[in-house]
Structure formats: C-alpha cells, structure tokens
Amino acid sequence: MTDSLTPAFVALDLDTLAEAPGRVVVLADADGRLDKGARRINRLTRGALARLVESEKFAKSKPGDSFAMDWPTGMAAEAVQVVRIDRKMGADDARKAGGAIGKEGLGKPVLVLAGSLRHIPEIALGAMLRAYDFSDHKTGEDDKKAPGSLTFAVAKPEVLTAQAGDLAAVASGVFLARDLVNEPANVLSTTEFARRIEGLRDLGVEVEILEEAELEKLGMGALLGVGQGSESPSKLAVMQWSGGKKGTAPLALVGKGVVFDTGGISLKPALGMEEMTMDMGGAGTVAGVMKALALRKAPANVVGLVGLVENMPDGRAQRPGDVVKSMKGDTIEVINTDAEGRLVLADVLWYAQERFKPAGVIDLATLTGACVIALGHENGGVFSNDDEFCKTFLKAADTEGEGAWRLPLGEAYDKQLKSRVADMKNVGGRPGGAITAAQFLKRFVKDDTPWIHLDIAGVASRSEDTVLAPKGATGWFVRSLDRLVRDTCEG
Ligand code: BES
Ligand code: ZN
Ligand code: ZN
C-alpha cells in the first residue's frame, strides 16, 4: 500500500535553492526561456541548465519528456530534473509532466519550481498518481519506498493550498482502488475485501455487509450461484455517503467484485488466468470513489454497492445448464459459468434500485473480453439508456483524461439471449459480446432509472507502465466518477 502525499504549495524563496535537499524540478518549454527560479538554478549550476534547454536534444523532446542533471555542481540537491512542457499546455499534458516527476519517485524531498504555470493542480496530481507503488509483498529493503515530500514553489500559494486536500483525497481514492486490484486473491478474499471496505467507516461512510443468509432471503439466486463453488462466502457490501441534502435521491454506484475468476466449471485456460485477480476492478473502483468522496467531505449523497464473490470450480459449483432465479424474479439459464459478472450485477443492480430509489445508477465491471477486443486498453466501454446522463459522464471522463467510448445498446440484440428453458440465458455468443452483456444487465434496470454501464475489462489493469501508473492497476474511472459527482450532485 502506498499512501498518497499531500502536496505543499509555497512561495518561491530564491535564496534556499542552493541548499534544497533531494530533487529540484524545473519545468521548461522548448523556447529556452527560463523563469526566475530556473534562472537561479542556471546561475548556481554555472550555465548547465541553459546548455541543456538550448540543446538539440531538448528542442526535439516532447512535452512530458524528462532530463536528469545528477549531482549538480553548486547545489546540495542530488539532482535537478528538467521536465519538458509546453507553456500553453492543457490538463492532459500537465498531468503528463506531473507523471514524469512522479515516475522518478517521491521518496525524497522534491521541490518543483512551477511559478505561475497553468494547470499546477494537474501537474501535482500527475506526480502523486505516478508515484504509486505496490511493494507490500516484496521483502527486500530496496523495494520499500520511504515517504518523501512534494513541494511546489508557486506564485499564488494560498489559492493552491486550498485545493491540496481535495487533490490528496482523489489520489487516496485512486490508490485504494489500485491496492485492491493489485492484491492477489489469496490475500483479498471476499472476507478481506469486506474488511477493507469496513475501514471506510473511520471516514464517516456508513458500511453494511450482507452475508449469504440475508442474500438468500432477498432471493439473490443469480449472485449466490456464482459463489457456490468457493470456500469464501459471497457478500454484498453497501457503502453510504450522505454528505448532501437529506432526502435527495442518491447516485448509486454498483461494482462487480469477483475476487478471482477461474471461469468456474467452464474453466478458463491456464495461460494468463492469474490476471483474473483483477476481476473485482469494478468493486475496487466503487470503493475508491467512496473513499475520495468521504475524504473531501463531498456535499452529495452517493451509495456504493458491490457484490463480492469468488468463481471457482468445485463439487458444489454451479454447472453449465443450471437455471437460477434472480432477485427480480426472472430466471436465467447459465450456459457458461465464466459469464458470471452479469449474474452478480443483475442482483446488485436490482437491490440498489429497490432499496435506494436512486436518481441514477452507474455500474462498473471487468465484464467482457469482447470489450477489450473492441476498444483495447485506452478506452473503457460506456453503455447507457439516457443520453443526457451519458453525455455528462463522457464529459467528466474527458476532463480527467480517462478514455471512455460509448457503444450501442439495442433491442435487436435481445434475441441472442433467448433461452429454451428459462427467461434468458447468460451468454449471447461471440458477435457483439460486450453489447449483449450490457443488454443482459439492462433487463435488471428499471425503465425510468437513468443508467450507465462501464465495461472496464481493458483498462482496470495494464501490463505496461502508463503515464499515471506503474504496470498493474490503474484506478481508471475513480477520477471521472468523483468529477461527475462534483459536476452533478453537489449544490
Ligand atoms: N472477467 C471476465 C472478463 C475479462 C476478460 C476481464 C479479460 C478482464 C480481461 C468475464 O467474467 C468473462 O470471463 N467473460 C467471458 C464471457 C463469455 C463467456 C460470454 C469473456 O469475455 O470471454
Ligand atoms: Zn468470467
Ligand atoms: Zn469475470
């Protein structure tokens, strides 16, 4: 687990630069112009900084590229890091520049000379997010990153200081989602997941854990069928953040929390199966958003509901051909036990609407390989029954730079879900696999409930480093959803 740092914003004090410990970061455009702080660094290093930014190499660099001047003469710092920016940059490039700072680690004191640049909060957030590190299961001393500090020397420290807490709140939410997704399934059982969610009580989130007996009473046959072959008991975790006006209908966030997906009796191939530790990504994102909202004391009403199950083969496991009854009352023929996420979500979606009468529902799930084929790893799939709601979400995702792409729904796809023996079957064949999965979920959404389904199978975890995260969990959509709540539920 990495705790996110809270950045500090201070006024520039030129006379302390020579003695600044750790790393000093200069943000420079390709025009070679140096601001006040950078000019002092240049003087201290006897012109080395100017030689760098006037070099051909620097001219050819792209925003976000980074150059190191290690053990610079005339300074106490271990390094001056020069990050190429574009002074007219947008939020995305600002986060990228921040990413370059965070990538080098924040384990030592880091002082960023940001002056009066635009998008300083985005630079800070980029640095915080990229500095994430999951080393809980490494035993070597070198693998443990010491907590450092992140300070920005800026023109308007008061204005930025007022935003620092919110930045740290969002980063902490992203880190919780990443920790949960990165955690192996022998550690993150359904019980341990529930325990970590209970930790949110300390922040003022009301948490309930519904156990199997209660889920049975509620008639959640679809969810329970999935977990039936596992030693880990199935659970439904309900998180309520009630920071808004009393009586205002909440936004409901629903997450798929399959702590491990072997495929069940429809067993997955061995190659790559270990990746299915991330099959609780939807639930992890929901928990992350709830944490961010609570930490920044969002004036909004939001409920998070996550179905926690493990999909295992076993003598008691669900079989292909089994028919289960959902809480809604519809029956489902389980053709393939590997299409389990939609079975879990069917019951959690229904429960969320029956209990909370939400103003809108957004579900998140690492739902289909087909979505990965359709969109790759740069966009999450977005499905919705409400154009306005969908537009607001897409705008929030765009603001946060988290790729999101709308895919269609349509009644015509329903014929792929027809079952001979039950009201529907749980798979619709290969064509449009992400769409038929969404079409399945739609059956458990009431007509008058604005709903968005986010298929995050391709984006929840990545096998390569990205601008804002080391390889592994990304926390994709935690920031978009926090932004959506700010834009639509607050005040
Ligand atoms: N958890 C998987 C989907 C998935 C695939 C997530 C790749 C992340 C990366 C899901 O439960 C699943 O197995 N879906 C099947 C559905 C099929 C049997 C209709 C799939 O996508 O192959
Ligand atoms: Zn599956
Ligand atoms: Zn799955």
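In this text, all values refer to a predicted model and were calculated from it rather than measured experimentally.

Description of the overall build of the chain
Here is step 1 of the chain: When you go through the chain residue by residue, the secondary structure sums to 15 helices and 19 strands.
Here is step 2 of the chain: Taken against the 2.2 N^0.38 rule, which gives 23 Å for 491 residues, the C-alpha radius of gyration of the chain at 24 Å falls within 12% of a compact globule.
Here is step 3 of the chain: The C-alpha extent of the chain, read off along each of the three principal axes, is 80 × 50 × 40 Å.
Here is step 4 of the chain: The buried share of the chain, taken over its 491 residues, is 57%.
Here is step 5 of the chain: Excluding contacts between residues fewer than 6 apart, the proportion of contacts in the chain whose partners are at least 24 apart in sequence is 78%.
Here is step 6 of the chain: A total accessible area of about 20,500 Å² is found for the chain, and carbon and sulfur atoms account for 50% of it.

Quick look at the UniProt feature "active site" (unreviewed entry) in the chain
Here is step 1 of the chain: Per the UniProt record, the feature "active site" (unreviewed entry) sits at Lys-268 and Arg-342.
Here is step 2 of the chain: Within the element layout of this structure, Lys-268 appears in the loop between strand E9 (251-261) and helix H10 (281-295).
Here is step 3 of the chain: Ignoring any residue separated from it by four or fewer positions in sequence, one finds Lys-268 in contact with Asp-261, Thr-262, Gly-263, Met-273, Met-276 and Asp-338.
Here is step 4 of the chain: When near neighbours in sequence (up to four residues on either side) are disregarded, Arg-342 contacts Leu-367, Thr-368, Asn-426, Val-427, Ala-437, Phe-440 and Leu-441.

Section: the packing of aromatic side chains
Here is step 1 of the chain: On inspection of all chains with the given rule, the structure shows five aromatic pairs.
Here is step 2 of the chain: With centroids separated by 5.3 Å and ring planes inclined at 75 degrees, the aromatic side chains of Phe-393 and Phe-477 adopt a geometry described as edge-to-face. Here Phe-393, found in helix H13 (residues 387-400), pairs with Phe-477, found in the loop between strand E19 (472-473) and helix H15 (478-488); they are 84 residues apart in sequence, far enough to count as distant. This pair shows no difference in class: Phe-393 is buried, exactly as Phe-477 is.
Here is step 3 of the chain: Above the ring of Phe-444, the side-chain terminus of Lys-328 is found at 5.5 Å from the ring centroid.
Here is step 4 of the chain: Cation over ring: Lys-446 sits above Trp-350, and NZ or CZ is 5.0 Å from the ring centre.

Things to note about the coordination of the zinc ion (ligand 3)
Here is step 1 of the chain: Listed as protein donors to the zinc ion (ligand 3) are Lys-256 (NZ), Asp-261 (OD), Asp-279 (OD) and Glu-340 (OE); their distances from the metal cover 2.0 to 2.4 Å.
Here is step 2 of the chain: Note that the zinc ion (ligand 3) binds six donor atoms; their angles at the metal cover 77 to 174 degrees, and the shape is octahedral.
Here is step 3 of the chain: Written as a sequence motif, the donor residues of the zinc ion (ligand 3) are K-x4-D-x17-D-x60-E.
Here is step 4 of the chain: Separating the zinc ion (ligand 3) from the zinc ion (ligand 2) is a gap of 3.2 Å, bridged by Asp-261, which donates to each. Taken as a pair, Asp-261 in strand E9 and Glu-340 in the loop between strand E12 (331-333) and helix H11 (341-356) lie far apart in primary sequence, 79 residues in all. Side by side, Asp-261 and Glu-340 carry an identical accessibility label, which is buried.

What about the site of ligand 1?
Here is step 1 of the chain: Lining the immediate environment of ligand 1, one finds 16 residues, of which Lys-268, Asp-279, Asp-338, Glu-340 and Gly-369 sit closest.
Here is step 2 of the chain: Between an oxygen atom of ligand 1 and a side-chain N or O atom of Lys-256, the distance comes to 3.2 Å.
Here is step 3 of the chain: The side chain of Lys-268 places a nitrogen or oxygen atom 2.8 Å from an oxygen atom of ligand 1.
Here is step 4 of the chain: For ligand 1, whose free accessible area comes to 520 Å², the fraction covered by protein is 77%.
Here is step 5 of the chain: For the shell around ligand 1, the per-class residue count stands at five nonpolar, four polar and seven charged.

Re the packing of H13 against H15
Here is step 1 of the chain: Following both chains from N to C, one finds H13 and H15 inclined at 120 degrees, their axes separated by 8 Å at the closest point. It follows from the interaxial angle that H13 and H15 lie oblique. The chirality of how H13 crosses H15 is right-handed. Taking contact as the criterion, the partners of Phe-389, Thr-392, Phe-393, Ala-396, Ala-397, Thr-399 and Glu-400 in H13 are, on H15, Arg-479, Ser-480, Leu-481, Arg-483, Leu-484, Asp-487 and Thr-488.
Here is step 2 of the chain: When the residues that make up the contact of H13 with H15 are grouped by side-chain class, the tally is six nonpolar, four polar and four charged.

Re the coordination of the zinc ion (ligand 2)
Here is step 1 of the chain: In this structure, Asp-261 (OD), Asp-338 (O), Asp-338 (OD) and Glu-340 (OE) serve as the protein donors to the zinc ion (ligand 2), at separations of 2.0 to 2.2 Å.
Here is step 2 of the chain: Each donor residue of the zinc ion (ligand 2) lies on the same chain, and together they follow the pattern D-x76-D-x1-E.

Regarding the pattern of salt bridges
Here is step 1 of the chain: On inspection of all chains with the given rule, the structure shows 33 salt bridges.
Here is step 2 of the chain: A salt bridge links Asp-92 to Arg-95, with the shortest nitrogen-to-oxygen separation between them at 2.9 Å. In this pair, Asp-92 and Arg-95 both sit in helix H4 (residues 91-103), three residues apart, roughly one turn of the helix.
Here is step 3 of the chain: Taking relative accessible area as the criterion, Asp-92 reaches 48% and is therefore assigned partly exposed.
Here is step 4 of the chain: Overall, Arg-95 belongs to the buried group, its relative accessible area being 4%.

Side note on the pairing of E9
Here is step 1 of the chain: The buried count for E9 comes to 11 of 11 residues, which makes it a mostly enclosed element.
Here is step 2 of the chain: Inspection of the sheet shows E9 paired to strand E10 (residues 301-311) by nine bridges, in the parallel sense. Its bridge partner lying in E10, Leu-251 is registered against Val-302.
Here is step 3 of the chain: This β-α-β element, E9 to H10 to E10, shows right-handed connectivity.

Brief notes about the environment of Tyr-351
Here is step 1 of the chain: Position of Tyr-351 among the secondary structure elements: in helix H11.
Here is step 2 of the chain: Among the residues examined, Tyr-351 registers a relative accessible area of 8% and is labelled buried.
Here is step 3 of the chain: A sequence separation of 54 residues divides Tyr-351 from Trp-405, and the C-alpha atoms of the two residues are 27 Å apart.
Here is step 4 of the chain: In contact with Tyr-351, not counting residues within four places along its chain, are Leu-210, Leu-218, Met-220, Leu-236, Val-238, Leu-305 and Met-327.

Cut-offs and rules
- Residues numbered from 1 in each chain as written.
- Chains lettered and ligands numbered in written order.
- Predicted model: local features only at pLDDT ≥ 70, side-chain atom pairs only at ≥ 80, totals over all residues.
- Heavy atoms only, no water.
- Helix = DSSP H or I, 4+ residues; strand = E, 2+ residues; numbered from the N terminus.
- Rg over C-alpha atoms; globule rule 2.2 N^0.38 Å.
- Buried < 20%, exposed > 50% of the residue type's maximum accessible area, 1.4 Å probe, protein only.
- Contact = heavy atoms within 4.5 Å.
- Areas by Shrake-Rupley, 256 points an atom, 1.4 Å probe, with all protein chains shown as cover.
- UniProt positions renumbered as here; feature names shortened; annotations may be inferred.
- Phe/Tyr/Trp six-rings, centres within 6.5 Å; stacked < 30°, edge-to-face > 60°.
- Lys NZ or Arg CZ within 6 Å of the ring centre and 35° of its normal.
- Donors = N, O, S within 2.8 Å, 3.2 Å for Na, K, Ca; no water.
- Tetrahedral: all angles 85-135°; square planar, octahedral: opposite > 155°, others 65-115°.
- Near = heavy atom within 4 Å.
- Polar contact = N/O pair within 3.5 Å; in protein donor to acceptor, adjacent residues only side chain to side chain.
- Nonpolar A, V, L, I, M, F, W, Y, C, P; charged D, E, K, R; others polar.
- Axes fitted to C-alpha atoms, helices over the stretch in contact; angles between N-to-C directions.
- Parallel < 35°, antiparallel > 145°, perpendicular 65-115°, else oblique.
- Left-handed = near helix turned anticlockwise from the far one by under 90°.
- Salt bridge = Lys/Arg side-chain N within 4 Å of Asp/Glu carboxyl O.
- Pairing = 2+ DSSP bridges.
- Right-handed = clockwise from strand over helix to strand, strands pointing away.

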